[in-house]
Amino acid sequence: MKGLKGKAAIVTGGSRGIGRAIVERLLEEDVRVLFCGRSETSGKAALEEFQKKYGNNVHFAAADMEEKDVPEKLISQGRALFGELDFLVNNAFPFTAKAMDATYEDWTHTFMAGPAAYARMIAEFSKNRKKKEGSVVCVSSISGHISQPLRWTYNAAKGAVKQLIRCAALDLAPYIRVNCISPAWVKTDEVLKATPDKTWESTPKAWEEYHMLQKLQEPSQIAAAVVYLLSDDAAVITGHDLFADSGYLAMGPEGLGKTANFAGSA
Ligand SMILES: NC(=O)c1ccc[n+]([C@@H]2O[C@H](COP(=O)([O-])OP(=O)(O)OC[C@H]3O[C@@H](n4cnc5c(N)ncnc54)[C@H](OP(=O)(O)O)[C@@H]3O)[C@@H](O)[C@H]2O)c1
């Protein structure tokens with residue numbers, strides 16, 4: 001992809017899952033990366049593995065995106081390491097699945113560690129850039145587009161991301177592009193926890209069939225779409241929500257059509 005080599009990026013939540021795959025893909029493309037996560041142990045373990053494979057152009061900071069001063073600290077750490085930053089990937093987000101039972105604290109946590117943290121990172125990233133070009137990608141979800149049972153907090157917060165990137169794309173144009181991406185069901189710890197035997201072999205067929213492509217998604221596939229949006233190959237794309245969802249959102253209530261029966265089809 002064009003316009004990646006030698007650039008500098010910050011990725012939030014890069015020690016596991018989709019964020020980790022994004023860090024790895026950026027390193028493969030010779031981008032210098034600072035990533036964060038709350039756990040020092042898993043962050044440092046990931047860092048060690050990255051450094052073995054890709055050298056020392058990758059750094060880890062232990063940070064909780066919900067904390068007040070973290071956006072300012074992370075962006076200044078990135079600038080101290082790399083000079084100016086080219087890319088920001090907002091990926092860390094709380095998986096709070098609450099509905100009528102959501103407390104004041106649940107709402108505050110979900111929004112402050114979720115869309116508000118994304119917004120505060122974008123604001124810091126865009127400060128004092130003197131017309132320097134940049135690109136931001138926020139990880140949203142199919143959950144920001146649809147209803148799912150008992151998920152008011154997560155789905156409302158993901159819906160907010162879509163509106164945030166539109167406003168930020170307008171205000172930061174013409175030098176910074178801001179987009180988001182909506183994955184569907186990705187093979188990560190959170191999804192694994194929900195499988196019947198906590199193994200990928202026990203993944204219900206029904207989950208795979210939520211997607212036209214009939215498979216759960218790999219973190220590396222989502223990372224490829226994120227890095228595309230960061231790259232100059234996506235130079236005319238801003239304020240956009242890319243459905244990297246294997247056809248999930250394009251499908252209707254009839255699903256793959258196994259039970260659908262209409263004039264002339266049976
Ligand atoms: N998995 C899916 O099927 C799926 C589908 C659609 C969208 N998404 C979205 O994709 C993104 C990544 O999800 P994932 O499934 O890869 O998550 P994950 O496997 O749970 O990994 C999350 C990463 O973020 C870090 N993190 C979590 N909360 C943080 C916080 N408050 N501050 C700093 N770092 C934090 C975690 O490290 P620590 O735990 O050490 O902090 C970890 O590195 C999220 O925005 C999620 O909503 C996921």
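As a convention, each chain's residues are numbered from 1 in the sequence order in which they are written. The model is predicted, so local features are restricted to residues of pLDDT at least 70 and side-chain atom pairs to those at 80 or more, both for listing and for counting; the totals for chains, interfaces and linings are taken over all residues. Only hydrogens and water are removed before side-chain values are computed, so all heavy atoms of the structure are retained for them.

## Comments concerning the packing of aromatic side chains
Between 30 and 60 degrees the pair is tilted, below 30 it is stacked and above 60 it is edge-to-face, where a pair is any two Phe, Tyr or Trp rings, Trp via its six-membered ring, whose centres lie within 6.5 Å. Per the counting criterion, the structure on display carries 9 aromatic pairs. Taking 5.3 Å as the distance between ring centres and 50° as the angle between the ring planes, the aromatic pair formed by Phe 35 and Phe 60 counts as tilted. One end of the pair, Phe 35, is in strand β2 (residues 32-37); the other, Phe 60, is in strand β3 (residues 58-62), with 25 residues separating them in the sequence. Think of it in three bands: with a 1.4 Å probe and only protein chains considered, a residue is buried below 20% of the maximum accessible area for its type, exposed above 50%, and partly exposed in between. Of the residues examined, Phe 35 reaches a relative accessible area of 0% and is grouped as buried. The exposure class of Phe 60 is buried, given its relative accessible area of 13%. For the pair Tyr 210 and Tyr 248, a centre-to-centre distance of 6.3 Å together with 85° between the ring planes defines the contact as edge-to-face. Here the residue Tyr 210 occupies a position in the loop between α8 (205-208) and α9 (219-230), and Tyr 248 occupies one in the segment after β7 (241-242), the gap between them amounting to 38 residues. Residue Tyr 210 is classed as partly exposed on the basis of its relative accessible area, which comes to 33%. Ring-pair connections join several aromatic residues into one group, and the members of that group are Phe 93, Phe 95, Tyr 118 and Tyr 154. Seen from the ring of Phe 50, Arg 20 lies directly overhead, with NZ or CZ sitting 5.4 Å from the centre. The helix and strand labels rest on DSSP assignments: H or I over at least four residues marks a helix, E over at least two residues marks a strand, and numbering proceeds from the N terminus. In our convention, an over-ring charge means Lys NZ or Arg CZ found within 6 Å of a ring centre and within 35 degrees of that ring's normal.

## Quick word on a nonpolar patch on the surface
Candidates for patches are residues over 30% relative accessible area with no salt bridge; among them, like charges are joined within 9 Å and nonpolar side chains (Val, Leu, Ile, Met, Phe, Trp, Tyr) within 5 Å. Computed with a 1.4 Å probe, the accessible areas rest on the Shrake-Rupley method; for each residue, only the protein chains presented here act as cover. Salt bridges are defined by distance alone: a side-chain nitrogen of Lys or Arg within 4 Å of a carboxyl oxygen of Asp or Glu. Where nonpolar side chains cluster on the molecular surface, the patch consists of Met 100, Trp 107, Leu 150 and Trp 152 and spans about 470 Å² of accessible area. Counting through the fold element by element, Met 100 comes out in the loop between β4 (87-90) and α4 (104-113). Under the relative-accessibility criterion, Met 100 is labelled exposed at 63%.

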